[in-house]
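Next come the chains, spelled out residue by residue.
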Amino acid sequence: MLLPVSGLGMNSTMDDMNLIQQAQRHHLVVRELGEEIDLEIGPGDDDPSFANTPLIVGPREPSAEEHDETKQTAMVSQLTNEDQMSKTQPAKRKKKVVKRWREEWADTYKWAYVDVKEGTARIFCSICREYGRKHRRNPYGNEGSRNMQMSALEEHNNSLLHKEALRLQMASKDKIIVEKPIYVKALMSKTAGSIVEAALKRDPHEVEFIQSVQEAVHALERVIAKNSHYVNIMERLLEPERMIVFRVPWVDDRGETHVNRGFRVQFNQALGPCRGGIRFHPSVNLSIVKFLGFEQTLKNALSPYKLGGAAGGSDFEPKGKSDNEIMRFCQSFMNEIYRYLGPDKDLPSEEMGVGTREMGYLFGQYRRLAGHFQGSFTGPRIFWSGSSLRTEATGYGLVFFAQLILSDMNKELKGLRCAVSGSGKIAMHVLEKLIAYGALPITVSDAKGYLVDEDGFDYMKISFLRDIKAQQRSLRDYSKTYARSKYYDESKPWSERCDVAFPCASQNEIDQSDAINLVNSGCRILVEGSNMPCTPEAVDVLRKANVLIAPAMAAGAGGVVAGELELNHECNLVHWSPEDFESKLQDAMKQTYQRVLKAATDFGYQKESPEALVHGAVISSFLTIAQAMTDQGCV
């Protein structure tokens, strides 16, 4: 109970008056936000005594004494106006500092962003779109301190609210995909459209797979129109022979148990045992694995070897994990999948997130479980597989394919500006071979942006880029050594002036606006290093602008060739020199190129048409598979 005003001195009256104002002020905050108490809200944030001030949580009616006290408070406030102004002014100055610090915070850590709510600038979590004490410590005591920033970041990452929001976000990915509109092409015939309609009805949530199906069916319209029997073959082909989904439990270095989801889709084995990559990335789901398996089936059918297609992986993120954690995950992954693998069944190869280290762990556990050394996984280690040029083959093959296209135009790669996306194994080997041909590669990219070097990359610069990637540093560090280069955050390299583009990052990396930028930048040939790098809208833009597209299933066949050469022991470092290997690879790419052009011209596509290579590749692959499926009956 507060004492009457008449029984207090002037100083006591002022203290109680401030206490009541603070209580009322904080009471308003509590009523405005419900149960949540936010340290950023209200004029009393910066008051050092805020932590020791009792908060009034529930509303109550003021007593008669408090009414009298309020009147007296109003009179006192007029007499002490100058004193209050002196107290208010420093708080305003501090708020400006805090506002600037908040903006710096959002620039430093991508999980946070600044927004204005109820007239107040606040720091929001970019995952759960919330703000308050559960996402950071109160920064007012030490604005801009790096230690304070790091402790706040740690608290944010460990907060229960943030973890729950992140879990819900991951769990709702399928719902997000369902809401994403599926681009359906309008130029299909009724028969071809029925195939896509059936796939949509069966798998309405698998956007990447449906997109891949649409591209293939669109390319096969003339084939299906000539022979209705192919409709049934296509419907059977679009349903994988076997889909394996399993859990992958593993233990981290702290002893905590985690569970990821593993996949292996053996799409089609009509031509032979399956071959296909394993991808470790948080985005991996059944739709992506099916799309990769379907693309791999067509790619293998186009190669000189008789092979089926498969794909697999997990939503596991290798980045930031120790070698022991990755080893334990790979061993757990192989414990489930090994019974479906073998040289006459299915052999995996490297893909995104899976390199030499991961393939070594996978093969070691497979050998241990299978009890023999028969067969090998396709990878670059000499002591457990054949060729050491496996990783180069895909990237080199892309450049060989581009050179074949230019040769038919009486041109060459020498002197041409080339834009490359990605900075993984394929992209780096594309850079190497472009330099060997005298071209000028000017860009690489990562998940956060892209790097452009107007002087072009050379072998020394590529070696430096590899060191940066091996140390898990940002490509931005390259600009600290080479001043004429520049790194652009949250951007793609497709607005840079170029003659040939090599997308080597991931699927759908080129959208409609990127395609427009490519056309405006002077690009005339696009060689797909990654599977399905263009969205359907981007493909339409490129075709209307007469940009020639070399599809990944044809241009990327070098990896399939190298894998079979090493598996069949036709090629190793003892008996083959790198020059001999490249000669063998060039011959295989030339055969693939000629098969694609022949299939396109057989069905009426002009050699100069921007879609001739895409349609020719799908037609040639499909006819090879369809013949095998017809010969083998309904299996």
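Residues numbered from 1 in each chain as written. Predicted model: local features only at pLDDT ≥ 70, side-chain atom pairs only at ≥ 80, totals over all residues. Heavy atoms only, no water.

> For this particular structure, what's the right way to read the overall build of the chain?
On a plain count of helices and strands, the chain comes out with 23 helices and 15 strands. Taken across its 635 residues, the chain has 50% of its residues classed as buried. In the chain, the proportion of contacts linking residues at least 24 apart, taken out of those at least 6 apart, comes to 68%. Working note: accessible area of the chain is about 30600 Å², and carbon and sulfur atoms make up 51% of it. (Helix = DSSP H or I, 4+ residues; strand = E, 2+ residues; numbered from the N terminus. Buried < 20%, exposed > 50% of the residue type's maximum accessible area, 1.4 Å probe, protein only. Contact = heavy atoms within 4.5 Å. Areas by Shrake-Rupley, 256 points an atom, 1.4 Å probe, with all protein chains shown as cover.)

> Can you help me understand the nonpolar core in this one?
Side chains of nonpolar character tend, in soluble globular proteins, to be buried together. Counting 103 residues, the largest nonpolar core has M234 and F502 as its most contacted members. Setting aside residues no more than four positions away along its own chain, F502 makes contact with L398, A402, C418, A419, V420, S421, V430, L434, W494 and V527. Ranked by size, the runner-up nonpolar core spans 19 residues in total, among them W250, I278, F316 and Y366. (Core = buried A, V, L, I, M, F, W, Y, C linked by side-chain atoms within 4.5 Å.)

> Would you explain the side chain of N260 in this entry?
Along the chain, the position of N260 falls in strand 4 (residues 257-268). For N260, a relative accessible area of 14% gives the class buried. Side-chain polar atoms of N260 contact the side chain of D315, separated by 3.1 Å. Apart from residues lying up to four places away in sequence, N260 is in contact with F246, R247, V248, W250, S314, D315, F316 and F329. (Polar contact = N/O pair within 3.5 Å; in protein donor to acceptor, adjacent residues only side chain to side chain.)

> Explain the sheet that holds strand 15 (residues 548-550) to me, please; I cannot follow it from the model alone.
Across a sheet, paired strands are connected by hydrogen bonds in the backbone, their directions being either parallel or antiparallel. Read from one edge of the open sheet, five strands run 9-8-13-14-15, paired in parallel fashion. Each edge of the open sheet carries a strand with a single partner, namely strand 9 (440-441) and strand 15. As defined by bridge partners, strand 8 (residues 417-420) adjoins strand 9 across two bridges and the pair is classed as parallel. By the bridge assignment, R417 is partnered in strand 9 with L440. (Pairing = 2+ DSSP bridges.)

> What am I meant to see in the packing of aromatic side chains here?
The description of two aromatic rings rests on the distance between their centres and on the angle between their planes. Tallied over the full model, the rule gives 20 aromatic pairs. Ring centres 5.5 Å apart and planes at 75° place the aromatic pair Y230 and F622 in the edge-to-face group. One end of the pair, Y230, is in helix 10 (residues 229-237); the other, F622, is in helix 23 (residues 612-632), and 392 residues separate them in sequence. Residue Y230 is classed as buried on the basis of its relative accessible area, which comes to 18%. Given a relative accessible area of 1%, F622 falls into the buried group. With a centroid separation of 6.0 Å and an interplanar angle of 90°, the aromatic rings of F280 and F316 are classed as edge-to-face. Here the residue F280 occupies a position in strand 5 (residues 274-280), and F316 occupies one in the loop between strand 6 (308-314) and helix 12 (323-337), the gap between them amounting to 36 residues. Residue classification places F316 among the buried positions, given a relative accessible area of 1%. Chaining the aromatic ring pairs together yields one cluster made of F246, W250, F280, F316, F329 and F333. (Phe/Tyr/Trp six-rings, centres within 6.5 Å; stacked < 30°, edge-to-face > 60°.)

> It is not clear to me how the sheet that holds strand 5 should be interpreted in this structure. Could you clarify?
Taken in spatial order, the five strands line up as 3-4-6-5-7 in an open sheet, and their pairing is mixed. In this open sheet, the two edge strands, each paired with only one partner strand, are strand 3 (242-251) and strand 7 (346-350). The average angle at which neighbouring strand axes cross in this sheet is 25°, direction not considered. Judged from the ten bridges that link them, strand 3 and strand 4 form a sheet pairing that is antiparallel. Bridging from a neighbouring strand, I244 pairs with R264 of strand 4. Against the sheet, helix 12 engages strand 3, strand 4, strand 5 and strand 6, with an angle of about 145° to strand 3. (Axes fitted to C-alpha atoms, helices over the stretch in contact; angles between N-to-C directions.)

> Is there a simple way to explain helix 22 (residues 578-602) in this structure?
Side chains three or four residues apart in an α-helix point the same way, a direct result of the helix having 3.6 residues per turn. Across its 25 residues, helix 22 extends 36 Å between first and last C-alpha, which sits within 8% of the 36 Å expected from 1.5 Å per residue. Where helix 22 is concerned, the buried positions are F581, L585, A588, M589, T592, Y593, V596, L597, A599 and A600. (Expected span 1.5 Å × (residues − 1).)

> Would you mind showing me how to read the pairing of strand 8 here?
Residues R417 and A419 line one face of strand 8 and the alternating positions C418 and V420 line the opposite face, and both faces are buried. Note that the unit made of strand 8, helix 15 (residues 425-436) and strand 9 has a crossover that is right-handed. The pairing of strand 8 with strand 13 (residues 500-502) spans three bridges and is parallel. Paired with A419 across the bridge in strand 13 is A501. (Right-handed = clockwise from strand over helix to strand, strands pointing away.)

> Which parts of the structure should I look at to understand the confidence of the model for the chain?
Regions with low pLDDT carry predicted coordinates that are not meant to be interpreted in detail. Here the chain averages 77 in pLDDT, while 66% of its residues score no lower than 70. Every residue in residues 19-67 is under pLDDT 50, and counting partners more than four places away or in other chains gives 60 contacts. The low-confidence segment residues 105-110, where pLDDT is below 50, has 14 contacts with residues more than four positions distant or belonging to other chains. (pLDDT = per-residue confidence, 0-100.)

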